[in-house]
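This is what each chain is made of:
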Amino acid sequence: MEQIQETHFFPDGTPKGTGENPYIAGWPELAGNPAAICYEDASFLVLNKPAGMLVHPTAREDGCTLWNYVKRYYAYRGLTLGLHPVSRLDRFTSGLVVFAKEPRMQAALARQDLLKEYLAVTVGAPPEAHGILDAPIARKEGSIIEREINPAGKPCRTEYWLLRRCGPLSLVRCRLYTGRTHQIRVHFAAAGFPLWHDHLYGTPGEQARHGLHAWKTGFRHPVTGCRIEITTELPRDLVAALKEQHSD
């Protein structure tokens, strides 16, 4: 009898990995987790989101999203502020997410081109050490989640730099100039070097994450006029994945 591999999904339709999710289980509340707060002032809060966590709550998934953590953090500090996410990340992408504390601050950043840089662990390597991928991306017919390269899609632009090769894996820095859904994932897969453990565009892994981390963001502060750039390190699990391979 042919063996059928069963696929499980999160409530939002994202395919689950085959292993447990070690990232959000027991993630400390922000009041006792200062390392997760990468920047805060009277206008903005920038957090280091763990892989496996949604940014926004949904009708079927509430309580353990990043939005919920911020809401409880505000209550702990006695702050009566709104929650206004300026940036977003896929569930399985870790890294920096910007929240504005007032609608006018959110609107001010929406008028800027935020700096968005990622570190990607890929299967294979780009053909060149530096390049730009600009194929248009559209929703894949018949899917509410998956995207694909499509001439009729929206314009996209992803710049990349190959940092190092580690056996079959590579570490790639990339910058987004547009913000399409799954942009890096689709561009890299189509170019022949998909993200490590990408459940939609590569080969699924046992971990509830893929090899993508939002490591740097930047903007001009609407109040002070100063340029702000915030960075965070590559997570330990992605460092470990690269170390397991033999570096060239």
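Residues numbered from 1 in each chain as written. Predicted model: local features only at pLDDT ≥ 70, side-chain atom pairs only at ≥ 80, totals over all residues. Heavy atoms only, no water.

## So, the pattern of salt bridges
And then number 1: Here the structure, examined in full by the defined rule, presents 12 salt bridges.
And then number 2: For Arg173, the salt bridge is made with Glu117, and the minimal N-O distance between the two is 3.0 Å. Here the residue Arg173 occupies a position in strand β10 (residues 169-176), and Glu117 occupies one in strand β5 (residues 115-123), the gap between them amounting to 56 residues.
And then number 3: The class for Glu117 is buried, based on a relative accessible area of 1%.
And then number 4: Note that Arg227 is salt-bridged to Glu229, the shortest N-O span being 3.9 Å. (Salt bridge = Lys/Arg side-chain N within 4 Å of Asp/Glu carboxyl O. Helix = DSSP H or I, 4+ residues; strand = E, 2+ residues; numbered from the N terminus. Buried < 20%, exposed > 50% of the residue type's maximum accessible area, 1.4 Å probe, protein only.)

## Considerations on helix α4 (residues 236-243)
And then number 1: Where α4 is concerned, the buried positions are Asp237, Leu238, Ala241 and Leu242. Angularly, the buried residues of α4 cover 140° about the axis, an arc narrow enough to put them on a single face. Facing away from the buried side of α4 by more than 90 degrees, the exposed set consists of Arg236 and Lys243.
And then number 2: Turning to α4, the residues buried within the fold contact β5, β9 (158-166), β10 and β11 (212-220). (Arc of directions from axis to C-beta. Contact = heavy atoms within 4.5 Å.)

## Some thoughts on the layout of surface pockets
And then number 1: Considered as a void within the structure, the largest pocket measures approximately 1200 Å³ in volume.
And then number 2: Looking at the largest pocket, it is lined by 44 residues, and the ones nearest its centre are Arg88, Leu89, Asp90, Gly179 and Thr181.
And then number 3: Every element with two or more residues in the lining of the largest pocket is listed here: β5, β10, α3 (183-190) and β11.
And then number 4: Per-element tally for the lining of the largest pocket: the top contributor is β11, with five residues.
And then number 5: Among the residues forming the lining of the largest pocket, the class breakdown is 19 nonpolar, 13 polar and 12 charged. (1 Å grid on protein atoms, 1.4 Å probe; cavity = no way out; pocket = protein on both sides within 12 Å on 5 of 7 lines; lining within 4 Å. Points joined across faces, edges and corners; volume = space filled by probe spheres on them. Nonpolar A, V, L, I, M, F, W, Y, C, P; charged D, E, K, R; others polar.)

## Structural notes on the environment of Glu159
And then number 1: You can see Glu159 is positioned in strand β9.
And then number 2: Along the sequence, Glu159 and Gly131 sit 28 residues apart, while their C-alpha atoms lie 5.9 Å from each other.
And then number 3: Side-chain polar atoms of Glu159 contact the side chain of Tyr177, separated by 2.5 Å. (Polar contact = N/O pair within 3.5 Å; in protein donor to acceptor, adjacent residues only side chain to side chain.)

## Observations regarding the packing of aromatic side chains
And then number 1: Within the structure shown, the criterion is met by six aromatic pairs.
And then number 2: With a centroid separation of 6.4 Å and 40° between ring planes, the pair formed by Tyr73 and Tyr74 is classed as tilted. Both residues of the pair, Tyr73 and Tyr74, belong to the buried class.
And then number 3: Ring geometry for Phe188 and Phe193: centres 4.6 Å apart, planes at 45°, overall tilted.
And then number 4: Three or more aromatic residues link up through ring pairs in this structure, and these residues are Tyr160, Phe188 and Phe193. (Phe/Tyr/Trp six-rings, centres within 6.5 Å; stacked < 30°, edge-to-face > 60°.)

## Focus: the nonpolar core
And then number 1: Of all hydrophobic cores here, the largest spans 30 residues; its most connected members are Leu30, Val70, Phe99, Tyr118 and Phe188.
And then number 2: For this core, the secondary structure elements donating two or more residues are β2 (44-49), α1 (66-77), β4 (94-100), β5, β9, β10, α3 and β11.
And then number 3: If you tally residues by element for this core, the top one is α1, at five residues.
And then number 4: Setting aside residues up to four positions removed in sequence, Val70 forms contacts with Leu30, Leu45, Leu47, Leu83 and Phe99. (Core = buried A, V, L, I, M, F, W, Y, C linked by side-chain atoms within 4.5 Å.)

## Concerning the confidence of the model for the protein
And then number 1: Here the protein shows a mean pLDDT of 87. Residues at 70 or above account for 86%.
And then number 2: The least confident element of the protein is strand β3 (residues 84-85), whose mean pLDDT is 90; the most confident is strand β6 (residues 130-133), at 98.
And then number 3: In this model, residues 1-23 is a region of pLDDT below 50 whose contacts with residues beyond four sequence positions or in other chains number 44 contacts. (pLDDT = per-residue confidence, 0-100.)

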